[in-house]
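Each chain, letter by letter, is given below.
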Amino acid sequence: MNANKNTLLFVVLSMALLGLYYLLMGRATPPPPKAPPAAVAQAPASVPAPVAASAPVASTPSAVKAPSTAPGPDARLELENATLKLAWRKQDGTLVQAHWKADGTSFFPEGGNDSLPFLGLGGAIDTYFEGEPEVRPVAGGREVVFRNSLGDQLAYRVPDAGDVLDVKWSTQRGTHLFLVRKPLDVRSVAAAARVFTLQDKGVEAHTWASIMKDPWYSFVGGKKKPLPQATTRVGIDAGIEKNRPAQTFYFAAIWESSRMPERDTERFPGYHVAPASDGTFTARLYLGPKQAEQLAAFGQPYTQVVDFGFFGMIAKFLFWIVRTIQRVIPNWGWAIVVFSILLRLALWPLNTKTITSMLRMKDLEPHQKALQAKYEKYGSDMQKKAEMQKELMAFYKKNGYNPMGGCLPMLLQMPVFFALWSALNAVFELRHAPFIFWIQDLSARDPFFVLPVLLGASMVAQSAMTPAAGDPMQRKMMMWLMPAMMVFFFAQTPAGLCVYYLTFSLVHMAQTWWIMRTYKSQPVVL
């Protein structure tokens, strides 16, 4: 096997692993059929509304008649602190939206003409509040209180600054409080958004699509997934990024409950909590970024919600290295450049062996072709082909050439590549991180596609520098087809990944030039 075949094998393996990665990350979810938004018209979120035929159907409780003093279903109360801008539905005290004030990012989908609305977080079940909610000052912040004449009271304590709300529910009727509601239709949440529960050491997470839709492999018995096992820590992915893939979520909404929630009962789909014997229930609600320091301040187990994907352990380690570099060089883009150079230097001996092997193959190629020509007269005789392969491998061994030696460095790069991609799509610190000139967000794609084009050009130049061994047509295909494919691929990936791979490629070109300059051919042993 010559060096070009090794490269072709690398391309095939890369594409296969990329497809597997997309599958494992839930990116292949097809869009659901449309359903009329009128399915929830005028229904309070605390009472499950009629659903479209495509949505899961649950038993609906008998409707509770709204008192004449109850606000309408569209009435909202808005309140903000230094960190968040919050909105509740007055009718049932449900938190329906939160905005990150630093850049205006919405936590939850707003719904539209082709989707059902997001049902919100919290909110009393089968309960209507009356009159206007009370907003009163308390130590360190303000408190929003919803009440009715039945003695029900739902209070949210909002700090003057910060992203943690204290919640208290009081009732004498034993009425439950929702934590996370199961959507009526998957379109009301981003398809790849996850719902998760946390143990002290471990997270169980599923996408809403996998919970509400039959998997594409249902024809072999695949089934929808249940909601994760209930724990006192329940949360969902949040953060609707503008001009980004729906699969990118840099925020989370997480409950820490004083009581164990019930999960997905027939009457109330989702997570809900019964009050204690004294009729009360308390919880904390985190509405903030998936940033290790802030999550750890809320509680150490919550750091597990940062989803690094299939190569999670590698991604965490790589991000630790990049963050360490960034503390010395306070620019994430240059930190990625330095990281790429350090990684290339770490792989220098292996890559040197690969390039030397390619040069050695150029010396051996005439003799290899002569040996293959010797057996051409036997056509497709498998026995003779086996003899030829045996003789060829013996020839390689005499000359210290390993035809598979060039594959190892390429294979070692793939986990690093996918792990860095996961980090760029998961780590809040890299969100909106500027680099230089037109690259003002390393986690978004290059707006002018300059980096992908430069990367493609570097690959063409690298192929031109590589020793010309193997089939000329195959070499020509690898020289132009692979760069074209990679330009198209990198045009859709975060700019930070382009910075990494471009730097990696440029260092490789410099290493190839140096080795070719200093290489001395060795005699061929026959």
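Below, the structure is looked at part by part. These numbers come from a predicted model, not from an experiment.

### Considerations on the sheet that holds strand E5 (residues 134-138)
Adjacent strands of a sheet form backbone hydrogen bonds with each other and so pair up, either parallel or antiparallel.
Here is step 1 of the chain: A sheet is described by the order of its strands in space; here nine strands give the open sequence E5-E6-E7-E8-E16-E13-E12-E10-E11, paired in antiparallel fashion. Two strands lie at the open edges of the sheet, namely E5 and strand E11 (202-207), each paired on one side alone. For this sheet, the mean angle separating the axes of adjacent strands, direction not counted, is 20°.

### What to know about the pattern of salt bridges
Here is step 1 of the chain: Summed over the entire model, instances satisfying the criterion amount to 18 salt bridges.
Here is step 2 of the chain: Its salt-bridge partner being arginine 136, residue glutamate 143 comes within 2.7 Å of it at the nearest N-O pair.
Here is step 3 of the chain: Residue class for glutamate 143 comes out buried when judged on its relative accessible area of 15%.
Here is step 4 of the chain: The shortest N-O distance in the salt bridge between aspartate 152 and arginine 173 comes to 2.7 Å. Taken together, the positions of aspartate 152 in the loop between strand E6 (141-147) and strand E7 (153-159) and arginine 173 in the loop between strand E8 (164-170) and strand E9 (177-181) put the pair 21 residues apart, joining distant regions of the chain.
Here is step 5 of the chain: Under the relative-accessibility criterion, arginine 173 is labelled partly exposed at 39%.

### Structural notes on the packing of aromatic side chains
Within a pair of aromatic rings, the relevant descriptors are the distance that separates the centres and the angle that separates the planes.
Here is step 1 of the chain: Counting across every chain of the model gives 32 aromatic pairs.
Here is step 2 of the chain: Residues phenylalanine 298 and tyrosine 302 carry aromatic rings whose centres are separated by 4.6 Å and whose planes lie at 55° to one another, so their mutual orientation is tilted.
Here is step 3 of the chain: Between tryptophan 421 and phenylalanine 489, the aromatic rings sit 5.6 Å apart at their centres with planes inclined by 90°, giving edge-to-face as the arrangement. With a gap of 68 residues between them, tryptophan 421 in helix H8 (residues 407-426) and phenylalanine 489 in helix H10 (residues 472-490) connect regions that are remote in the sequence. Grouping residues by exposure puts tryptophan 421 and phenylalanine 489 together as buried.
Here is step 4 of the chain: Among the aromatic residues, those joined into a ring-pair cluster are Phe311, Phe339, Phe417, Phe418, Trp421, Phe489, Phe490, Tyr500, Tyr501 and Phe504.
Here is step 5 of the chain: Lying across the ring of phenylalanine 504, arginine 344 places its NZ or CZ 4.3 Å from the centre.

### Some remarks on the nonpolar core
Here is step 1 of the chain: Of all hydrophobic cores here, the largest spans 55 residues; its most connected members are Ile254, Phe417, Leu442, Phe490, Leu497 and Tyr500.
Here is step 2 of the chain: Beyond its immediate chain neighbours, meaning those up to four positions away, phenylalanine 490 contacts Phe417, Pro452, Leu455, Leu497, Cys498 and Tyr501.
Here is step 3 of the chain: Core analysis: the next-biggest nonpolar cluster, separate from the first, contains 51 residues, Ala98, Leu165, Val234 and Ala253 among them.

### Brief notes about helix H7 (residues 382-398)
Here is step 1 of the chain: In this model, H7 (17 residues) spans 24 Å end to end at C-alpha, consistent with the 24 Å of a helix rising 1.5 Å per residue.
Here is step 2 of the chain: The complete set of buried residues in H7 reads Met388, Leu392, Phe395 and Tyr396. The arc that holds the buried residues of H7, viewed along the axis, is 100°, so those residues lie on one side. Of the residues in H7, the exposed ones pointing more than 90 degrees away from the buried face are Met382, Gln383, Lys390, Lys397 and Lys398.
Here is step 3 of the chain: The first or second residue beyond H7 is glycine 400, which carries a positive phi of 65°.

### Details of the pairing of E11
Here is step 1 of the chain: One ladder, built from six bridges, connects strand E10 (residues 194-199) with E11; its direction is antiparallel. Among the inter-strand pairings, leucine 198 is bridged to a residue of E11, identified as valine 203.
Here is step 2 of the chain: The loop that links E10 with its antiparallel partner E11 comprises two residues.

### Examining the sheet that holds strand E15 (residues 270-273)
Here is step 1 of the chain: Reading across from one edge, E9-E15-E14 is the order of the three strands in this open sheet, with antiparallel pairing throughout. This sheet does not close on itself; its edge strands, each paired only once, are E9 and strand E14 (262-263).
Here is step 2 of the chain: Taken together, the four bridges between E9 and E15 define a ladder with antiparallel strand orientation. Note on E15: the bridge partner recorded for valine 180 is tyrosine 271.

### A short note on the side chain of aspartate 152
Here is step 1 of the chain: Here aspartate 152 falls in the buried class, since its relative accessible area comes to 1%.
Here is step 2 of the chain: Only 2.6 Å separates the side chain of aspartate 152 from the side chain of threonine 171, close enough to count as a polar contact.

### Topic: helix H6 (residues 348-374)
At 3.6 residues per turn, the α-helix brings residues three or four places apart onto the same side.
Here is step 1 of the chain: An ideal rise of 1.5 Å per residue puts 39 Å on 27 residues; H6 measures up with 38 Å between its terminal C-alpha atoms.
Here is step 2 of the chain: Of all the bends in H6, the greatest reaches close to 50° and is centred on leucine 364; the proline proline 366 follows between one and four positions later.
Here is step 3 of the chain: Buried within H6 we find Asn351, Thr354, Ile355, Ser357, Met358, Leu359, Arg360, Met361, Leu364, Glu365, Gln368 and Leu371.

### Focus: the pairing of E6
Here is step 1 of the chain: Burial within E6 is extensive, with five of its seven residues counted as buried.
Here is step 2 of the chain: In the sheet, E5 pairs with E6 via five bridges, with the strands oriented antiparallel. Bridge pairing in E6 places proline 137 opposite arginine 142.
Here is step 3 of the chain: Where E5 folds back on E6, the antiparallel hairpin that results is connected by two residues, among which glycine 140 adopts a positive phi of roughly 80°.
Here is step 4 of the chain: Two elements, E6 and E7, share seven bridges in a ladder whose sense is antiparallel. Residue pairing for E7: glutamate 143 is matched across the bridge by arginine 157.
Here is step 5 of the chain: What sits between E6 and E7 in their antiparallel hairpin is a turn of five residues, with glycine 151 showing a positive phi close to 90°.

### Describing the environment of aspartate 446
Here is step 1 of the chain: Along the chain, aspartate 446 turns up in the loop between H8 and helix H9 (450-465).
Here is step 2 of the chain: Look at aspartate 446 and you get buried, because its relative accessible area is 1%.
Here is step 3 of the chain: Sequence separation between aspartate 446 and cysteine 498 is 52 residues, and the spatial gap between their C-alpha atoms is 8.4 Å.
Here is step 4 of the chain: Among residues more than four places away in sequence, those in contact with aspartate 446 are Trp438, Ile439, Leu451, Pro452 and Ala495.
Here is step 5 of the chain: Of the polar contacts made by the side chain of aspartate 446, one reaches the side chain of tryptophan 438; its length is 2.8 Å.

About the thresholds
Residues numbered from 1 in each chain as written. Predicted model: local features only at pLDDT ≥ 70, side-chain atom pairs only at ≥ 80, totals over all residues. Heavy atoms only, no water. Pairing = 2+ DSSP bridges. Helix = DSSP H or I, 4+ residues; strand = E, 2+ residues; numbered from the N terminus. Axes fitted to C-alpha atoms, helices over the stretch in contact; angles between N-to-C directions. Salt bridge = Lys/Arg side-chain N within 4 Å of Asp/Glu carboxyl O. Buried < 20%, exposed > 50% of the residue type's maximum accessible area, 1.4 Å probe, protein only. Phe/Tyr/Trp six-rings, centres within 6.5 Å; stacked < 30°, edge-to-face > 60°. Lys NZ or Arg CZ within 6 Å of the ring centre and 35° of its normal. Core = buried A, V, L, I, M, F, W, Y, C linked by side-chain atoms within 4.5 Å. Contact = heavy atoms within 4.5 Å. Expected span 1.5 Å × (residues − 1). Arc of directions from axis to C-beta. Polar contact = N/O pair within 3.5 Å; in protein donor to acceptor, adjacent residues only side chain to side chain. Bend = angle between axes of the 7 residues up to and from the residue.

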